[in-house]
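One letter stands for each residue in the lines below.
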Amino acid sequence: MSYLYDLHTHSTCSDGQLSPKELVRLAKDNGVDVLALTDHDTLEGVSMAISAAGDDLHIVPGIELSSLWNGRNIHVVGLQVDIDCPMLASAVEQQSEIRIERAKTIAMRLEKAGILGAWDGAKHYAEGSIGRPHFAQYMIDAGYVDSFAQAFKRYLGSGKIGDVKNRWPALAEVVSWITASGGIAVLAHPDKYDLTRTKLYTLLQDFVNAGGQAMEVVSGQQEPAVTSKLLRAAEDFSLLASCGSDFHSTENLWQSPGKMSLLPKGCKPIWEAW
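Throughout, residues of each chain are indexed from 1 in the direction in which the sequence is written. Residues qualify for local features only when their pLDDT is at least 70, as the model is predicted, and side-chain atom pairs are given and counted only at 80 or more; totals for whole chains, interfaces and linings, by contrast, use all residues. Water and hydrogen atoms were dropped before computing side-chain values, which therefore reflect all heavy atoms in the structure.

Engineer: How should the environment of T12 be read in this particular structure?
Structural biologist: A run of H or I in DSSP counts as a helix once it spans at least four residues, and a run of E counts as a strand once it spans at least two, with each numbered from the N terminus. Relative to the helices and strands, T12 resides in the loop between β1 (5–9) and α1 (20–29). Its relative accessible area of 9% is what places T12 among the buried residues. Taking the C-alpha atoms as reference points, T12 and S176, separated by 164 residues in sequence, lie 26 Å from one another. Note on contacts: a residue pair qualifies if any of its non-hydrogen atoms lie within 4.5 Å across the two residues. Not counting chain neighbours up to four residues away, the residues in contact with T12 comprise Q17, L18, S19, P20, E127 and G128. Buried residues are those whose accessible area, probed at 1.4 Å on protein chains only, stays under 20% of the maximum for their type, while exposed residues exceed 50% and partly exposed ones sit between those limits.

Engineer: Would you explain the sheet that holds strand β5 (residues 184–187) in this entry?
Structural biologist: What links the strands of a sheet is backbone hydrogen bonding, and the strands pair in either a parallel or an antiparallel sense. In this description, strands pair whenever DSSP reports at least two bridges between them. Pairing within the open sheet is mixed, and its seven strands lie in the order β1-β2-β3-β4-β5-β6-β7. Bordering the open sheet on either side are β1 and β7 (240–244), each of which pairs with just one other strand. Adjacent strand axes in the sheet meet at a mean angle of 35° when their direction is disregarded. Bridge analysis of strand β2 (residues 34–37) against strand β3 (residues 58–69) gives four bridges, and the strand direction is parallel. What sits directly across from V34, in β3, is H58. The convention used is that axes are lines fitted to C-alpha atoms, helices contributing only their stretch in contact, and that angles between N-to-C directions extend from 0 to 180 degrees. In the packing of helix α7 (residues 171–180) onto the sheet, the strands contacted are β3, β4 (72–79) and β5, and the crossing angle to β3 comes to about 160°.

Engineer: How should I be thinking about the layout of surface pockets in this particular structure?
Structural biologist: Remark: the empty space left among the atoms is shown by a probe the size of a water molecule rolled over them. What the largest pocket holds in volume is close to 1,300 Å³. Taken together, the elements giving at least two residues each to the lining of the largest pocket come down to β3, β4, α3 (86–112), α5 (132–141) and α6 (148–156). Sort the elements by how many residues they give to the lining of the largest pocket and α5 lands first, with four residues. Each residue is assigned to one of three groups, with Ala, Val, Leu, Ile, Met, Phe, Trp, Tyr, Cys and Pro labelled nonpolar, Asp, Glu, Lys and Arg labelled charged, and all others, Gly among them, labelled polar. Residues belonging to the lining of the largest pocket are distributed by class as follows: nine nonpolar, 20 polar and 10 charged. Both cavities and pockets are sets of points on a 1 Å grid over the protein atoms alone; in a cavity a 1.4 Å probe fits but cannot get out, in a pocket the set is open with protein on both sides within 12 Å along at least five of seven lines, and lining residues sit with an atom within 4 Å of a point. Grid points are joined across faces, edges and corners, and a volume is the space filled by probe spheres set on the points. Computed from the structure, the second largest pocket encloses a volume of approximately 170 Å³. Along its surface, the second largest pocket is lined by Y3, L4, Y5, C243, M260, S261, L262, L263 and W271.

As structure tokens, this is what we get:
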């Protein structure tokens, strides 16, 4: 019997649109059998997802942690983590403080640009940490922009006033938090970092040296050529293969829970290590 795994999703506890309970319901409707809730730098929603799942959906405790590698923001997913691990709890608190500092800087910059009430406005929409999507939603509802796309194009996108870089910890430190909690560290969506093959392989080598054990060979709906490229990379570094929709919003139907490309033949799925 084959199961449908989605090992990368987000809820309102970070920057997702649905609550953990609503996410679980949608995953069930889409036929998902095993779901990982991997909110950004928080474990807050995991227990809620487990409570909502019942017996017909298995929840994998997860998290997506932000890190820095050679000046780049690299995301590492932790799967099968112990949500009661003291070291991981301390790490989450540290990450939260970094996110708050960044959000306050974004709000200050937006206020100077004429977006009044940016901090309180974004805070209203955030059940967990405040991120750029919450500022975008506030600007839409307050009439400053017409859409998310416009908010990012004018204020929040790369190189704009709301593009504030975080001072994340090093990649190796983040991987150590995950492994210390008994989890498996997974390099998230490696094709999204716009790296040359040489740089990608340097990243993977550093990741493996730090204790990383897996990478996302599939992230959402992706071109077969991308999947083939990532499969070869996983094989070259003997990494387990993970897959996930990276679900955030119901507006992106191609990233709905369980609606990602299939893992290719020849890879070793991460769940075989469980």
